[in-house]
Structures are given as structure tokens and as C-alpha cells.
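Structure at a glance
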Amino acid sequence: MAFDAVVVGAGFAGLYMLYRLRDLGLTARVYEAGGGVGGTWYWNRYPGARCDVESMQYSFSFSEELDQQWDWSEKYAPQPEILAYANHIADRFDLRRHIVLNTRVTAATFDETANCWCIETDRGDQVKAKFCIMAVGCLSATNHPAFAGREHFRGPIYHTGEWPHEGVDFTGLRVGVIGTGSSAVQSIPIIAQQAAALTVFQRTATYSVPAWNEKLTPEYRKAIKADYPALRAKARARPTGFYFPFNMQPALDVPPEERERQYEEAWKRGGLPFLGAYGDLLFEKAANDTIADFARRKIRSIVKDAATAELLCPSNVFGCKRLCVDTGYFETYNLPHVRLVDVSKMPIERFTPLGIEVNGTEYPLDAVVCATGFAAMTGSFDKIRITGRNGLTLAEKWRAGPRAYLGVASAGFPNLFTITGPGSPSVLASMIQAIEQHVDWMMDCIAHMRDIGASTIEPIEKYEDEWIEHVNEVSKVSLRSTCSSWYVGANIPGRPRVFMPYIGGFPVYVQKCNEVMTNGFEGFAIGGSNAKNEAPRVRLTERWRAPLDIEVISPAAIAARRVPVV
Ligand code: N01
């Protein structure tokens with residue numbers, strides 16, 4: 001069986017890609033390992049899961065009609081509602097008949113003679129496609145640390161990213177949670193409401209800002225919908241790809257009392273925009289120290305037990321690891337049945353049949369939740385044997401760190417596209433905006449290839465190398481590169497330490513993508529008899545031409561402009 005395109009994954013990226021492919025009249029098949037669409041929102045059903053970009057912005061922008069008709073119920077939508085939205089997209093745009101569920105792609109091999117991809121699945125499918133599009137997600141491959149004795153534990157062990165669909169009832173149980181990242185911070189307060197006893201094993205203390213989540217009123221929704229395109233345009237022009245007011249002033253330019261007032265106000269607004277209180281918080285350590293100090297004082301003011309409060313106070317750069325957004329996280333440690341165990345110096349030694357042992361002490365548990373995160377950015381690629389030209393696999397090529405031009409494609413792997421791939425803003429932007437921009441760029445490319453009768457497109461290594469060098473250079477400008485986060489692969493032993501997403505800001509990146517296209521796919525080799533490096537005539541990417549005031553794409557320019565990225 002042959003298709004114009006095979007798409008791997010039916011999360012938001014796969015769904016939108018499929019919609020666009022069908023819109024262009026191309027044949028396409030989507031393979032999805034899960035039993036339903038929705039990707040990350042299909043798998044992450046842990047208690048308290050919700051987005052931390054405001055719902056009215058954490059949604060597709062390509063259909064004004066969809067924007068007008070869909071109603072979000074809360075400021076930050078809960079997981080079931082986001083999953084319902086993904087299902088609505090699949091139904092509304094008649095996508096389901098092209099999606100094969102419960103089927104994992106195991107291999108994709110480029111046939112250099114026929115210029116097509118041969119795709120294999122764990123259910124024995126073997127199909128061919130001109131284009132192979134990876135919509136595999138940035139945070140999808142779960143991290144299961146190799147804890148000794150895990151198999152001997154008598155109770156269930158859950159992972160937040162693979163939560164049972166029927167839910168879990170912790171009533172009356174002694175529960176252990178490993179990890180204190182976003183998934184833990186969201187789930188701990190809810191698990192604590194059910195469990196008889198909750199023990200949290202913390203390796204690195206986390207900064208978290210209150211969400212102040214609330215129901216959205218019809219008046220609020222109506223006001224946004226009155227000019228939704230304006231909000232979308234403002235969002236696209238922001239480094240994060242979503243809109244919130246931020247203050248470009250340097251933190252140390254104002255007296256301490258003024259700064260305190262500003263932080264208090266930002267705290268009251270809550271959420272990720274807290275990082276926008278000043279323009280240089282992720283660039284100047286002295287500025288960052290002021291917000292870190294404020295956040296630690298907040299923790300101390302919330303948590304009553306002084307020793308627990310100190311353990312909960314992070315010492316690293318504020319916002320260096322992904323900032324968490326919570327509802328009652330620190331307050332949970334005031335409950336008498338909740339305790340915190342520090343595993344920063346003495347790691348978890350082993351699971352025993354009855355619990356977890358740390359530093360010679362056994363903590364008795366009936367169930368364990370691993371909120372231990374993901375092999376971010378590249379983990380999902382590692383699960384598929386992807387073979388390009390000359391038998392080179394993507395895993396071999398990316399052994400020392402991922403290499404992709406603009407994060408959309410990798411040299412030696414023709415006609416293979418990577419939606420929100422490493423080297424693009426992806427996880428540093430609002431994911432759905434990042435997905436839409438990538439898909440629109442890829443579709444302009446695919447349409448152009450069809451129009452000129454081209455057979456292949458692939459990055460030229462020199463341009464790819466230059467892009468990766470730029471991605472690295474820009475990352476050094478930010479304090480984000482200074483800690484052991486999943487952004488640099490440091491959460492998992494043995495992974496190469498490379499800053500993977502592009503931190504130069506969403507509009508800067510969009511501008512670069514637009515330039516590459518306007519210059520006739522500069523940096524790409526186009527193969528085929530009528531192949532030409534020229535700009536496409538009709539462009540979906542036109543809608544990404546937000547008014548940008550950033551002309552020069554260089555680390556110095558970005559540093560000078562203090563691009564705050566949350
Ligand atoms: O994973 P994480 P996550 N022993 O990697 C700890 C997005 N997301 O699933 O920090 C003990 O952040 C680890 O410790 P350390 C969001 O982008 C979004 O929570 O490595 N502990 C850490 O505390 C987020 O950033 C939303 O020292 C171990 C935790 O496990 C990303 O997904 C909600 C350990 C893992 O935290 C990932 O979040 C949820 C070990 N061996 C997630 N190994 C929203 O939109 C790991 N840890 C709101």
C-alpha cells in the first residue's frame with residue numbers, strides 16, 4: 001500500500017498534519033500507538049493533569065469557526081476537556097478514517113532507488129510513502145529509572161505519563177510519589193486528598209507558582225471571541241507563542257521595594273507569566289537571584305514546618321528547569337499525613353517488597369507513583385528504527401545530540417519531517433502554536449514539491465551545522481543552560497548533554513523559517529527532474545507573518561533584546 005504521506009502519532013501535531021494533507025488532496029495514513037487520539041493528553045491522565053497555558057490560547061488557531069464554537073470551561077483546561085477537544089478535531093474534520101490506532105511504527109527506511117519511505121508497524125503493516133512525518137511528541141517517551149528491586153514491590157507502580165484509563169483510587173492507601181516536576185506538583189495535592197499517608201521523594205526542589213485557576217465566565221469568553229484573531233496575532237509575536245503582559249525592564253533597575261511590589265502583583269496573577277515580571281530574569285544571575293529569593297520566601301510563608309520548608313526551597317536558578325504551576329502544592333506539606341523525603345544526597349536505594357528504602361530507612365508503601373518524567377525531545381525517535389541514506393540510522397546520527405535543520409528535517413533523511421523537532425522552539429513555546437507553524441511550513445514545502453514535480457527535499461549538512469551552532473550559541477545566553485534539566489537531557493543518566501530546544505524566541509524562529517522559504521528553501525537540496533529552489537506561490541505560512549521588530553538573528557541581538565522565554 002502506498003500513500004503520499006505517513007504520519008507517526010495522532011496527538012495535536014498528527015491531527016493537524018493530517019487535516020492539512022487531506023486539504024491538499026493528498027493520501028495519508030496516521031499510525032498511533034495509543035487507543036485514541038490526543039497524544040500527551042491521551043496518556044497523561046494522572047489526577048490534577050491540566051495545561052498551564054491559558055485554555056483560550058492553548059488551542060488551534062487555524063479555524064476561526066472552531067475558535068468561535070468551542071467553549072473552554074476553565075482558565076487552565078483539565079486533561080479530560082483537552083482530550084475531548086482533540087476528539088472533537090478528529091470528528092469535526094473527518095480525520096478518523098485515516099488513523100490506525102493501537103499500532104506502533106517500529107521502523108521507517110528510506111528507499112534510495114524509489115525515493116520513498118517504507119514504514120513498518122508492530123502489527124505487521126508494511127506501507128510506502130513519499131513523505132514520512134514524525135509527530136511523535138516532545139514529552140512522550142516515559143522515563144523509568146532503574147530502581148533496584150522494583151520487581152519485588154508488592155503493590156502497584158504507576159507512571160504519571162502512562163496513567164490507567166480507569167483511574168486509580170488511593171483511598172486508605174500509603175502512597176509514595178517519586179519526583180517533584182510538573183506532573184508531581186499537579187498530582188500530589190489531589191493524591192494527598194485520598195491517601196491515608198503520602199510520602200514524596202524529592203531529588204531536586206522545585207519552583208512553583210500558583211495557577212489561581214478559575215471557571216471562565218461566558219462574558220470572558222465572549223470578550224475574547226469578539227476579536228480572537230487579534231489575540232492570536234499578539235500571541236504569535238511573543239517569544240513564547242502565547243500572550244501575556246511582560247515587563248521588559250531589568251529587575252535591578254528598580255529599588256528593592258518596587259521590585260517586591262512587582263513580584264507580589266505577578267504572584268497574584270500567577271502561572272508562567274510570573275517569569276515576565278522583569279525582562280532579564282533568565283539572563284542576569286543577579287536579577288534571577290531576586291525572583292528566586294522572593295519565591296523561596298513564599299515557600300517559607302506557606303509551609304509551616306521550618307525543616308520541610310527549607311527542603312522545599314530550591315537553590316538553583318529560578319525558571320532554569322521548567323517552571324511549575326500549581327494549586328495548593330506547597331500547602332499540601334502542612335497536612336499531617338504528608339511527609340517529604342530528601343533523596344538529593346542519598347538516592348533511593350531500592351524498592352523492597354513493602355516499600356522504598358533510602359539511607360537505610362524503609363518507608364512502607366502500598367502504591368508508588370513515578371512522576372519521573374520523560375526522555376525529552378528525542379526519546380520517541382529512539383523507539384523507531386529510522387534509516388536514511390547509506391544505511392545511516394537517525395539514532396547513530398544523533399548519538400552525540402540531535403541534529404536537525406530548523407528542527408524540521410535532518411540531513412541524510414530526505415522527505416522526513418519532524419514536527420516540533422529538536423532545534424525548534426517546541427517546548428519553549430506554546431506547543432499548539434509551535435505545531436501549527438511547523439505543519440504550515442511543511443505543507444507549503446510539500447505543496448511546492450508537488451507543483452514543481454520534485455522527488456526529494458533534505459537539508460544540506462553545512463546549513464544544518466550552522467543552525468545547530470546557532471541553537472547552541474543562543475542557549476548560552478540564557479541561564480536556562482546552567483542546570484541539569486530535561487532541556488539538556490540531564491534528567492537521565494548517559495544522555496548527551498545538549499540544549500535541545502531553540503531558545504531564541506518564537507517570532508525570531510518564525511522569521512528565520514519564512515526567510516528560508518522566501519529564499520527558495522535555502523539550505524535544502526531539492527531533487528527531481530524539475531526541481532528548483534524557488535519560493536512557493538501559495539503559502540499557508542503567510543498567516544505566520546506577525547509584525548516582528550527583530551531584524552537580526554544572532555545571540556547578541558537576542559541577548560540585547562532580553563527575550564524572556566518561559
Ligand atoms: O517530569 P520532570 P514531569 N530518583 O522531568 C525526578 C511538561 N508537563 O513529568 O529534577 C529520584 O519535570 C526528577 O528529579 P530531578 C512540562 O514541560 C506539563 O513532571 O531530575 N527522582 C524530577 O523531580 C514538564 O516540565 C504539564 O532531580 C527522580 C521528576 O522526577 C515536563 O512535561 C504537566 C529520579 C521528573 O520531573 C515534564 O514534567 C506535566 C530518580 N532516579 C508535565 N528520576 C502542564 O502543562 C527522576 N526524578 C501543566
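Residues numbered from 1 in each chain as written. Predicted model: local features only at pLDDT ≥ 70, side-chain atom pairs only at ≥ 80, totals over all residues. Heavy atoms only, no water.

Some details on the pattern of salt bridges
Counting across every chain of the model gives 31 salt bridges. Its salt-bridge partner being D67, residue R232 comes within 2.8 Å of it at the nearest N-O pair. A residue pair is termed long-range when its members are at least 10 positions apart, and R232 in helix α7 (residues 228-236) and D67 in helix α3 (residues 64-69) qualify at 165 residues. Per residue, the accessibility class of R232 equals that of D67, and both read buried. The partner of D465 in a salt bridge is R403, with the nearest N and O atoms 3.0 Å apart. Residue D465 is found in helix α15 (residues 461-477), and its partner R403 is found in the loop between α13 (394-397) and β18 (416-418); the two are separated by 62 residues along the sequence. (Salt bridge = Lys/Arg side-chain N within 4 Å of Asp/Glu carboxyl O. Helix = DSSP H or I, 4+ residues; strand = E, 2+ residues; numbered from the N terminus. Buried < 20%, exposed > 50% of the residue type's maximum accessible area, 1.4 Å probe, protein only.)

A word on helix α8 (residues 256-269)
Across its 14 residues, α8 extends 20 Å between first and last C-alpha, which sits within 8% of the 20 Å expected from 1.5 Å per residue. Looking at α8, one finds that the buried residues are R259, Q262, Y263, A266 and W267. Across the axial projection of α8, the buried residues extend over an arc of 135 degrees, all falling on one side. Looking at α8, the residues exposed on the side facing more than 90 degrees away from the buried face are E257 and K268. G270 sits one or two residues past α8 and shows a positive phi near 75 degrees. (Expected span 1.5 Å × (residues − 1). Arc of directions from axis to C-beta.)

Thoughts on the state of the cysteines
Here is the idea: a disulfide is a covalent bond, and it sits between the sulfur atoms of two cysteines. Applying the stated criterion across every chain yields a total of one disulfide. Two residues share a disulfide in this structure: C320 and C483, whose sulfurs sit 2.3 Å from each other. On the S-S bond that ties C320 to C483, the torsion sits near -115 degrees, and the link is left-handed. Of this pair, C320 sits in the loop between α10 (306-312) and β11 (324-326) while C483 sits in the loop between α15 and α16 (506-518), placing them 163 residues apart in sequence. By relative accessible area, C483 is classed as buried at 9%. No disulfide involves C116; its sulfur sits 4.7 Å from that of C118, the nearest cysteine. With relative accessibility at 10%, the residue C116 sits in the buried group. (Disulfide = S-S within 2.5 Å.)

Focus: the sheet that holds strand β16 (residues 367-370)
Taken in spatial order, the five strands line up as β7-β16-β8-β9-β12 in an open sheet, and their pairing is parallel. If you trace the sheet from one side to the other, it starts and ends with β7 (157-159) and β12 (338-342), each paired once. Averaged over neighbouring strand pairs, the angle between their axes works out to 20 degrees when direction is ignored. As judged from the three bridges shared by β7 and β16, these two strands associate in the parallel manner. What sits directly across from I157, in β16, is V368. (Pairing = 2+ DSSP bridges. Axes fitted to C-alpha atoms, helices over the stretch in contact; angles between N-to-C directions.)

Taken by themselves, the reported measurements are silent on function.
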